[in-house]
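Coordinates in review
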Amino acid sequence: KQPSAPSAVEAPLRELPWGQLNFLHTTDTHGWHGGHLQEPQYSADWGDYISFASHLRRRADKDGSDLLLIDTGDRVEGNGLYDASDPKGNYTSDIFTQQSMDVITVGNHELYKNTTSSHEYAKLVPAYKDSYIASNLNITSKNGDSIPFGPRYRKFTTRNQGIRVLAMGFIYNFRGNANNTQVQKVQDTIKEPWFQDAIRNRDVDLFLIAGHVALRNTSEAEYDKIYDAIRLENWDTPIAFFGGHTHIRDFKRFGRGTEKKAYGIESGRYLETYGFMSISGLSTKSKDVSTTVASPKFERLYIDNNLYSLHCHSNTSSSNFDTELGKNVSASIATARKTLALDRPFGCAPQDYWLYRSPYPSNHSVLSLLEEHVIPDTFTDKNSSHNPAIVLTNTGAVRFDVFKGPFTKDTTYIVCPFTSTFRMIKNVPYDAASRVMKALNSGGPILLGDEAGDTEATYEDWLGLRPPGPVRESDLTADHAEDDLSSFTRGAGEQRPLRSSNKDKSRITPGYTTTDDFGDDGDDTIHEPIPLYKVPNIIGAEIGFSSDDKAKDLPKNVDLVFNEYIQGFTLAALKQLGVSYGLENTRQALDGMTMTDVISGWVEKNWKCEKDVA
Ligand SMILES: Nc1ccn([C@@H]2O[C@H](COP(=O)(O)O)[C@@H](O)[C@H]2O)c(=O)n1
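An unreviewed UniProt entry lists the protein chain under the name Calcineurin-like phosphoesterase domain-containing protein, with Extremus antarcticus as the source organism.

**Concerning the packing of helix α1 (residues 46-63) against helix α9 (residues 324-339)**
Remark: α1 packs on α9, axes separated minimally by 7 Å, with the N-to-C direction vectors making an angle of 170°. Overall, the two elements α1 and α9 adopt an arrangement that is roughly antiparallel. Here α1 contributes Trp46, Gly47, Asp48, Ile50 and Ser51 to the contact with α9, which in turn contributes Leu325, Gly326, Lys327, Val329, Ser330 and Ile333. Partitioning the contact of α1 with α9 into residue classes produces 5 nonpolar, 4 polar and 2 charged.

**Description of the domain arrangement of the protein chain**
Each domain of the protein chain was delimited in the assignment, giving domain 1 (21-339) and domain 2 (345-471 + 537-613). Summarising the inter-unit geometry, the C-alpha centres of domain 1 and domain 2 are found 34 Å apart.

**Details of the sheet that holds strand β5 (residues 146-148)**
Here we have 3 strands laid out as an open sheet, ordered β5-β4-β8, and antiparallel in their pairing. In this open sheet, the two edge strands, each paired with only one partner strand, are β5 and β8 (181-183). Taking the axes of each pair of neighbouring strands and ignoring which way they run, one obtains an average angle of 35° across the sheet.

**Notes on unusual backbone geometry**
Following aspartate 86, the chain continues into proline 87 via a peptide bond in cis, with omega recorded as 0°. Following the sequence through the fold, proline 87 ends up in the loop between α2 (80-83) and α3 (92-96). With an omega of -5°, the peptide bond between tyrosine 360 and proline 361 qualifies as cis. Counting through the fold element by element, proline 361 comes out in the loop between β15 (345-349) and α10 (366-382). Positive phi is not limited to glycine here, since aspartate 74 has a value of about 55°. Positive phi, normally seen in glycine, also occurs at glutamate 77, with a value near 65°.

What counts as what
- Residues numbered from 1 in each chain as written.
- Predicted model: local features only at pLDDT ≥ 70, side-chain atom pairs only at ≥ 80, totals over all residues.
- Axes fitted to C-alpha atoms, helices over the stretch in contact; angles between N-to-C directions.
- Helix = DSSP H or I, 4+ residues; strand = E, 2+ residues; numbered from the N terminus.
- Parallel < 35°, antiparallel > 145°, perpendicular 65-115°, else oblique.
- Contact = placed C-beta atoms within 7 Å.
- Nonpolar A, V, L, I, M, F, W, Y, C, P; charged D, E, K, R; others polar.
- Domains from an automatic or database assignment.
- Pairing = 2+ DSSP bridges.

If you want it as structure tokens, here you go:
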């Protein structure tokens, strides 16, 4: 772990369900490779993961089983270690690639910008060679051709058991990518001759489908389509899915009726979780056990990323856990953090502010802090025209909590890593401008797959009758009081209170309590549940309204300012409300400041650290 990271707290643990073929899965790490420096439960770093994987590989070699490592994308954007360097990712790609992977895929965050996808293609793809699978992604080459980002699939045989694996790697039907990459829709990819040939291959013991794709409730049902396509040709070869994107822990049984050979795991976010899955009873190159074992056994465990868990699951202790490579990677992370001055404080937060753990609005909500203080203060200072204004931002731009204490350079990127600026339309009729927020909060969650670069028709679709999106972290919430936990029921893929099975209540810490298709015993650490609350898509503030405006004569027109990311939605909402504007009517606001600049500037002015005050 990093030198300043807190030590893990001992807690009751469930055992690793080790099997014939074992997997460690990471997803949506978003630059948190230094671990969580303010949360003991998630305080191990990528160097520790390297040591951990090495111990489990040794275990596999010793008992003749196998271990495969998978990562399903969104490795970038969300932490100073990635975002604070110039160019971004200058340190993280060398740090990340020290961990070997058997299958690795791309996420939407690797594709938002030309520079990010080009960096990914130049650094990660060659580092992982055949393991970097891109079944539905192309990139524009230097001479303008659209070429595969990586191999479409990979067939390999596991080292000890001789299990023949055919692996593919997908991204969901994402449409917000920059113009140098091309995402092929999953429903089109499964018609490609290479896919059809691959699924007809009889010398396969396991199909491994990895991707930046939610396991369930997606309007496009990408993984269900892949499942159906495979089963049409191949009625009983086991299938293991590895998902991502929605930042949750989840385990799902695929298919209908008596299907017992297709399961998928999703492994959280921000290097809080290592997803572990095992399968036993697979046939292998040398022996066909399908005749003797009716169904292979799938098991899963979500491992909290801290040294207590990692030592226990690898049967090591602090004296023999670190490997040479693991230690070196932790040291490189520490050096990079120092070079980037990530611990430099902008100020000190007087209390905790939560994204989902406190109700919105409330005094402990980070969104309320932005809406009631950060945005009004900043925009009042910078509003040279002195026209009344309405300022809107999407809550998806806010990524994490703020903890009491130093608010550092790192924290600015942890709270909001994006480089989107603010745009404005001048003199919008108040009647329409004041209703945009409500319109944008009445549809489904704003997900970028349906966004940037899209046609207006798509936004209008969304405003009208968009089906519910996948369950994601912001949905793992309850609009209930904490003392009323018994009154709600939740489905698989959601967090819920875990009642009772633990005996030793004194050692229980708050954390994930996951319910999935296998029940509520998937988290390695037995936790006290954390109540989570719903947040809207959009928050907003009214700036420069005179007290007269508020009392009686509301302004006729206002400047409507919005986060660049929601430009398409805002224009569509205005049209629906009876006033039409195009991109040509929008202009830059706030001298090109990003939300990250807005937050860090406000903290610097308003949150003194105690020693500064004295
Ligand atoms: N410039 C951007 C880019 C993205 N967002 C927000 O991030 C969400 C996607 O992030 P995931 O980790 O869920 O893939 C997207 O829905 C936006 O809310 C943004 O605000 N600005």
